[in-house]
Amino acid sequence: MSKAFEPYELSGLRLANRLVMAPMTRSRAHGPGQSPTPLMADYYTQRASAGLIVTEGVQPSRVGQGYPDTPGIHTAEQIAAWRRVTDAVHARGGVIFLQIMHTGRVGHPALTGLQPVGPSAVAAAGQVYTHEGPKDFVTPHELTDAEIHATIADYATAARNAVEAGFDGVELHGANGYLIHQFLASNSNRRSDAWGGSPEKRTRFAVQTATAVADAIGADKVGFRLSPGNPYNDIDESDTADTEATYTALVDALAPLNLAYLHQLEAPGAHDLMLRLRKTWPTTFILNPFTGREPTGPAALELVENGTADLLAYGTLFLANPDLPARLARGGPFNTPDPATFYGGGEKGFTDYPTLEEAGA
C-alpha cells in the first residue's frame, strides 16, 4: 500500500503523506480562558508526521462551547496560545488545520453561563457532561435572522484568528449534530423561513458560513466536514430520500467555492451516498470510513489505493500512536487506545503513548 505514504499537494500545501489525523475532542484546554496548554502543543507536535492534522473542535465564541475544557479561538489570549502549538508543529514539518466547532444546542448554561442556541427551540434528547456532573440538554434559544448572520460572522472572525495563530487553514465542523448539522437536519431545524423547510433552505446556513469563511481567509484554506445519516447528538436523518436530497444540494452549493477539501465521516448505511458525493466533489476528498466498533486500521489504506479517497482520516488509532504513519507503513504494532483517558486529565493517555523508537520496536 504505497500510495498512502506518498506526498500530496493540498491547495498548494505539500503533505508528507495522505494520512490525516482526524479531529478528536480531548477536553484538556486548562489554560486561562479555555486556552491551549504546553501539553497540548506536545500532543500535536508528537503527531506532526501526519500528512495533515485537524485539531479538536474549537469554539468560535463563548456560546459555541458545549463541553468542559474545550479550547476557543475568540480571544487574544487563545490566539497567542495556539501560536505556540502551530509553531511547534511547523518546526517538525507538520501541516495543521483548526476545526471550528460551534456546538449549538449541544451544551449547557453550567458550562458558559449562557443559554445554548440553535436553529429551532428544540432540545436534544440526552445529557451533556459538565463540571457539576451530567445534565439534561436544555431547550436552546432559537436564533433570529440577525443572530444567524452574527453567528456566521463569528465563524469568519474565528477563521481570521486561526490564520493569525499560524494555522495553515480551518475545517468547518458540519457533522456530529453540532450547529451546522442542526441546520441541515429536519428534526432539529423546524423553521419555515429562509433558513429551513426544504433541503435547499436547510443548507443555507452551511453554505453561507463556508462562503463567509472563504471570503475571510481564502477558499484554499477552508475544509468542510459532514456526516450524512449520523444520529449523534439526537440528529434524525433516517429519511433516506430527504438526506440524499439535502447533502446533494449541500455539496452542489459548496462545490463552486473551490474549498480545499470535503471531509466525510461515513455513517452506517451511507456508503453509496458517500461514493456519489466523492464523485461530484471537485477538489480533495478526505474520508473517515465507517468501520463499526473497531478503529480505522491498516485495511483502510486500500481506500486510498483504489481512489475511494484522496486522503484517509484516522481517529483513535492516531490518538494512541503518535507515529502512526510509520506504524502503518510497517504493518504495526499498534498501541491500544485507553478510553478512560479520552476526555480530560493530564499527560496520561494524552502524551505518554510510546513511539516505535521509544518502545524499542
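Residues numbered from 1 in each chain as written. Predicted model: local features only at pLDDT ≥ 70, side-chain atom pairs only at ≥ 80, totals over all residues. Heavy atoms only, no water.

**Structural notes on the packing of aromatic side chains**
Then, number 1: Throughout the structure, instances matching the rule amount to eight aromatic pairs.
Then, number 2: With centroids separated by 6.2 Å and ring planes inclined at 90°, the aromatic side chains of Y67 and Y178 adopt a geometry described as edge-to-face. Residue Y67 is found in the loop between β4 (52–58) and α2 (76–91), and its partner Y178 is found in the loop between β10 (169–174) and α5 (179–184); the two are separated by 111 residues along the sequence. With respect to class, Y67 is no different from Y178; both count as buried.
Then, number 3: Connected via pairs of aromatic rings, a cluster forms that spans Y43, Y44 and F350.
Then, number 4: The ring of W195 is capped by R204, whose NZ or CZ atom sits 3.8 Å from the centre of that ring. (Phe/Tyr/Trp six-rings, centres within 6.5 Å; stacked < 30°, edge-to-face > 60°. Helix = DSSP H or I, 4+ residues; strand = E, 2+ residues; numbered from the N terminus. Buried < 20%, exposed > 50% of the residue type's maximum accessible area, 1.4 Å probe, protein only. Lys NZ or Arg CZ within 6 Å of the ring centre and 35° of its normal.)

**Some remarks on the environment of L98**
Then, number 1: Inspection of the secondary structure assignment puts L98 in strand β5 (residues 96–100).
Then, number 2: C-alpha of L98 to C-alpha of W82: the two residues are 16 residues apart in sequence and 9.6 Å apart in space.
Then, number 3: When neighbours within four sequence positions are excluded, L98 is seen to be in contact with T55, V58, I73, W82, A162, F167, G169, V170 and E171. (Contact = heavy atoms within 4.5 Å.)

**Points about the layout of surface pockets**
Then, number 1: Of the volumes computed, that of the largest pocket is approximately 1200 Å³.
Then, number 2: What lines the largest pocket is a set of 42 residues, and nearest its centre among them are M24, N176, Y232, T316 and Y343.
Then, number 3: Tallied by class, the residues present in the lining of the largest pocket amount to 19 nonpolar, 17 polar and six charged.
Then, number 4: Of the pockets and cavities examined, the second largest pocket occupies roughly 200 Å³.
Then, number 5: Of all the elements in the fold, those that place two or more residues in the lining of the second largest pocket are α8 (240–254) and α9 (271–280). (1 Å grid on protein atoms, 1.4 Å probe; cavity = no way out; pocket = protein on both sides within 12 Å on 5 of 7 lines; lining within 4 Å. Points joined across faces, edges and corners; volume = space filled by probe spheres on them. Nonpolar A, V, L, I, M, F, W, Y, C, P; charged D, E, K, R; others polar.)

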